[in-house]
Amino acid sequence: MFFLSFLLLLVPLVSSTSRRSALRMHNAHARSVDTKLITGQWDTANAGQYSLFNDLWNENNATWGIQSSQITSFSGSTIAWRTTYTWTGGPNQVKSFVNIQLNADINQQLGAISSIPTTWQWSLSLNGPVVADVAYDLFTSYSAGGSNVNEIMIWLANINSGPISAQYNAQGQAVPIVTNISLEGYTWDLYSGSNTVNQVYSFLLTSGTIESFSGDVYSFLSYLIDNEGMSSSQYLTCAQAGTEVISGTAQFTTNAYSIAVN
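Residues numbered from 1 in each chain as written. Predicted model: local features only at pLDDT ≥ 70, side-chain atom pairs only at ≥ 80, totals over all residues. Heavy atoms only, no water.

Concerning the overall build of the protein chain
Assigned secondary structure in the protein chain consists of two helices and 14 strands. Expressed as a percentage of the 262 residues in the protein chain, the buried residues total 45%. Of the contacts formed within the protein chain by residues at least 6 apart in sequence, a portion of 70% connects residues at least 24 apart. (Helix = DSSP H or I, 4+ residues; strand = E, 2+ residues; numbered from the N terminus. Buried < 20%, exposed > 50% of the residue type's maximum accessible area, 1.4 Å probe, protein only. Contact = heavy atoms within 4.5 Å.)

Below you can see the structure in the form of structure tokens.
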């Protein structure tokens with residue numbers, strides 16, 4: 001009888017301890033957001049299922065440049081960050097692609113994916129002329145984690161820039177392979193060309209910019225599967241979103257971003 005009474009007294013203690021342990025684990029996870037300012041070429045900060053890459057991959061082609069990035073908040077599946085940059089020289093050369101990368105549920109075959117829902121609210125504060133774009137950047141391969149075969153870009157903004165293309169007109173402007181494609185409530189032109197490493201498909205708005213986007217990125221992959229011969233057996237190996245910068249001074253701010261692969 002004494003032993004039974006002891007067990008009954010112990011149960012609430014164990015239960016309370018478990019709750020406290022779970023709460024500590026939850027709070028530790030909630031605090032696991034790396035908000036340090038990153039400035040180096042390959043510096044990275046992490047938050048949950050995301051990584052922020054400063055990604056000054058082509059800084060050596062700049063006459064001068066500086067860029068810093070920082071995660072500003074993270075809650076559930078939504079992350080926010082900001083980047084400040086100045087780049088000069090190296091005309092027509094991308095200097096950096098600061099971006100958020102999704103690290104969860106990647107390396108699935110395209111045919112096994114049903115949707116890639118996303119939201120993105122961003123703004124750009126310019127200090128003089130800027131040449132840049134704001135875009136989703138996806139990569140596919142013939143195998144999970146394999147070499148890139150296709151790069152798919154979805155441009156929400158074209159700031160005095162232009163996509164890779166196999167053909168340019170007499171004025172040096174890229175020529176689309178398909179025009180006036182209706183996807184996710186907007187109208188796009190599709191460009192295609194090689195960057196000498198892989199094929200690049202770029203969807204550009206026919207006009208304007210989208211500073212608040214909510215939709216399904218898979219619609220663009222599905223279009224390429226149905227109309228451009230992309231194989232559904234390829235794997236989605238990377239899903240990023242950010243801004244490519246060629247030149248100028250600006251602050252790029254993402255107030256809310258989320259993406260998932262279903």
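Structural notes on the pattern of salt bridges
Overall, the coordinates contain one salt bridge when judged by the stated rule. For Lys-36, the salt bridge identified is with Asp-34, shortest N-O distance 2.4 Å. What makes Lys-36 partly exposed here is its relative accessible area of 42%. Looking at Asp-34, the relative accessible area reads 24%, which means it is partly exposed. (Salt bridge = Lys/Arg side-chain N within 4 Å of Asp/Glu carboxyl O.)

Observations regarding helix H2 (residues 218–227)
Burial runs high along H2: seven of the 10 residues are buried. Along H2, the residues that are buried comprise Tyr-218, Ser-219, Phe-220, Leu-221, Tyr-223, Leu-224 and Ile-225. Structurally, H2 contributes buried residues whose contacts are with strand E8 (131–141), strand E9 (150–159), strand E10 (178–183), strand E11 (186–194), strand E12 (199–205) and strand E13 (212–216). Gly-229 sits one or two positions beyond H2 and adopts a positive phi of about 75 degrees.

Structural notes on unusual backbone geometry
Positioned with a positive phi, Asn-107 is a non-glycine residue whose angle comes to about 70 degrees. Along the chain, Asn-107 falls in the loop between strand E5 (96–102) and strand E6 (108–109). Residue classification places Asn-107 among the partly exposed positions, given a relative accessible area of 33%. Although it is not a glycine, Glu-184 adopts a positive phi angle of roughly 55 degrees. Mapped onto the fold, Glu-184 is located in the loop between E10 and E11.

Considerations on the side chain of Asn-58
Inspection of the secondary structure puts Asn-58 in the loop between strand E2 (50–53) and strand E3 (64–75). In this structure Asn-58 comes out as buried when scored by relative accessible area, which is 12%. Here Gln-93 takes part through its side chain, which lies 3.4 Å from a polar atom of the side chain of Asn-58. Other than its neighbours up to four places away in sequence, Asn-58 contacts Gln-93, Val-94 and Lys-95. (Polar contact = N/O pair within 3.5 Å; in protein donor to acceptor, adjacent residues only side chain to side chain.)

Re the pairing of strand E1 (residues 44–47)
By the alternation rule, side chains of E1 split into Ala-45 and Ala-47, which are all buried, and Thr-44 and Asn-46, of which none is buried. Across four bridges, E1 lies against E2 in antiparallel orientation. When the sheet's bridge partners are listed, Thr-44 is paired in E2 with Phe-53. The turn linking E1 back onto E2 is made up of two residues, and Gly-48 within it adopts a positive phi angle of 55 degrees. (Pairing = 2+ DSSP bridges.)

A closer look at the packing of aromatic side chains
This structure, assessed with the given rule, holds 16 aromatic pairs. Between Tyr-136 and Phe-213, the aromatic rings sit 6.0 Å apart at their centres with planes inclined by 65 degrees, giving edge-to-face as the arrangement. One end of the pair, Tyr-136, is in strand E8; the other, Phe-213, is in strand E13, and 77 residues separate them in sequence. Across this residue pair, the class does not change: Tyr-136 and Phe-213 are buried. Look at Phe-203 and Tyr-223: their rings are 6.1 Å apart centre to centre, the planes differ by 80 degrees, and that puts the pair in the edge-to-face class. Of this pair, Phe-203 sits in strand E12 while Tyr-223 is found in helix H2, placing the two residues 20 residues apart along the sequence. Residue classification places Phe-203 among the buried positions, given a relative accessible area of 0%. (Phe/Tyr/Trp six-rings, centres within 6.5 Å; stacked < 30°, edge-to-face > 60°.)

Description of the environment of Ala-45
Along the chain, Ala-45 turns up in strand E1. Measuring from C-alpha to C-alpha, the distance between Ala-45 and Ile-71 comes to 7.3 Å, with 26 residues separating the pair along the chain. Residue contacts for Ala-45: discarding those within four places in its chain leaves Asp-34, Lys-36, Ile-38, Tyr-50, Ser-51, Leu-52 and Ile-71.

Some points on the environment of Ile-66
With respect to the helices, strands and loops of the structure, Ile-66 is situated in strand E3. Put simply, Ile-66 and Gly-40 are 26 residues apart on the chain and 9.1 Å apart in space, counted from C-alpha to C-alpha. Discounting residues that sit within four places of it in the chain, Ile-66 has contacts with Thr-84, Tyr-85, Thr-86 and Trp-87.

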